[in-house]
Amino acid sequence: MKVQIRKVEVYQMSSASEVQEFDIDNLKKCTPKYKGEDAQSLVEFLANEIYDVDSFIDENEDVLSEENKEALYELYYCENGMTDFYDSRNDGAEYLYQVGKTNPQMTKTGGFEVEAST
């Protein structure tokens, strides 16, 4: 019996936008309304309640401060770019062995249909 196996190197890179500052009291006047009181609820609100930042800004035009509009826009679109702050290629890779079969349609796994992996 023959099988296809490959070795995969995995790296992690992290980048961040410029830091943005928000007036939380101003966000609490918006629709949907921010109801949280801590950092975790704020990131969940930004990730789960604002699906389309342009629509959110338009729908809250009369409520949002100019500072919050600009901060939201920059946070979502990162027009000033992202800055790399970690690259594991400098530290070495994590290695995986994968068993599977070649399948060009599996683009997320580099054309390989993984059946088992370390």
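Please read all numbers here as calculations on a predicted model, not as lab measurements. (Residues numbered from 1 in each chain as written. Predicted model: local features only at pLDDT ≥ 70, side-chain atom pairs only at ≥ 80, totals over all residues. Heavy atoms only, no water.)

## Some words on the environment of Phe 85
Thought 1: The residue Phe 85 is located in strand S3 (residues 83-87) in this model.
Thought 2: Sequence separation between Phe 85 and Val 43 is 42 residues, and the spatial gap between their C-alpha atoms is 20 Å.
Thought 3: If we skip the residues at most four places from it in the chain, Phe 85 touches Ser 14, Ser 15 and Ala 16. (Helix = DSSP H or I, 4+ residues; strand = E, 2+ residues; numbered from the N terminus. Contact = heavy atoms within 4.5 Å.)

## Here we look at the environment of Tyr 97
Thought 1: On the secondary structure map, Tyr 97 appears in strand S4 (residues 94-102).
Thought 2: Separated by 81 residues in the primary sequence, Tyr 97 and Ala 16 place their C-alpha atoms 31 Å from one another.
Thought 3: Look past the residues within four positions of Tyr 97 in its chain and what remains in contact with it is Ile 5, Arg 6, Lys 7, Ala 116, Ser 117 and Thr 118.

## With respect to helix H4 (residues 66-77)
Thought 1: Compared with the 16 Å implied by 1.5 Å per residue over 12 residues, the 16 Å span of H4 between its first and last C-alpha is a close match.
Thought 2: Listed in full, the buried residues belonging to H4 are Asn 68, Lys 69, Ala 71, Leu 72 and Glu 74.
Thought 3: Where H4 is buried, its residues contact helix H1 (24-27), helix H2 (39-48) and helix H3 (53-59).
Thought 4: Remark: Cys 78 follows H4 within two positions and exhibits a positive phi of approximately 50°. (Expected span 1.5 Å × (residues − 1). Buried < 20%, exposed > 50% of the residue type's maximum accessible area, 1.4 Å probe, protein only.)

## A look at the nonpolar core
Thought 1: With 14 residues, the main nonpolar core has Leu 27, Phe 45, Leu 46, Ile 50, Phe 56, Leu 64 and Leu 72 as its most contacted residues.
Thought 2: When contributions to this core are tallied by element, the ones reaching two or more residues are H2, H3 and H4.
Thought 3: Once residues within four sequence positions are removed from consideration, Ile 50 is found in contact with Phe 45, Phe 56, Leu 72 and Tyr 76. (Core = buried A, V, L, I, M, F, W, Y, C linked by side-chain atoms within 4.5 Å.)

## Regarding a negative patch on the surface
Thought 1: Judged by side-chain charge, Glu 21, Asp 23, Asp 25, Glu 67 and Glu 70 come together as a negatively charged surface patch.
Thought 2: Looking at the element boundaries, Asp 25 is found in helix H1. (Patch = residues over 30% accessible without salt bridge, like charges linked within 9 Å, V, L, I, M, F, W, Y side chains within 5 Å. Areas by Shrake-Rupley, 256 points an atom, 1.4 Å probe, with all protein chains shown as cover. Salt bridge = Lys/Arg side-chain N within 4 Å of Asp/Glu carboxyl O. Lys, Arg positive; Asp, Glu negative; His and termini not counted. Charge placed at Lys NZ, Arg CZ, Asp CG, Glu CD.)

## What about the packing of aromatic side chains?
Thought 1: The final tally for this structure, using the stated rule, is three aromatic pairs.
Thought 2: Ring centres of Tyr 73 and Tyr 77 lie 4.7 Å apart, and the angle between their planes is 50°; this geometry places the pair in the tilted category. Of the two residues, Tyr 73 and Tyr 77 both sit in helix H4, four residues apart, roughly one turn of that helix.
Thought 3: Assessed through its relative accessible area of 33%, Tyr 73 is described here as partly exposed.
Thought 4: In this structure an aromatic cluster arises from ring pairing among Tyr 34, Phe 45 and Phe 56.
Thought 5: Sitting above the plane of the Tyr 95 ring, Lys 7 keeps its charged end 4.4 Å from the centroid. (Phe/Tyr/Trp six-rings, centres within 6.5 Å; stacked < 30°, edge-to-face > 60°. Lys NZ or Arg CZ within 6 Å of the ring centre and 35° of its normal.)

## Structural notes on the side chain of Gln 98
Thought 1: Structurally, Gln 98 can be placed in strand S4.
Thought 2: Among residues more than four places away in sequence, those in contact with Gln 98 are Gln 4, Ile 5, Arg 6, Val 8, Phe 112, Val 114, Ala 116 and Ser 117.

## So, the pattern of salt bridges
Thought 1: The final tally for this structure, using the stated rule, is four salt bridges.
Thought 2: Note that Lys 28 is salt-bridged to Glu 37, the shortest N-O span being 2.9 Å.
Thought 3: The salt bridge partner of Asp 87 is Arg 89, with a shortest N-O separation of 2.6 Å.
Thought 4: Judged by its relative accessible area of 48%, Arg 89 is partly exposed.
Thought 5: One continuous salt-bridge network, built from bridges that share partners, spans Glu 61, Glu 66 and Lys 69.

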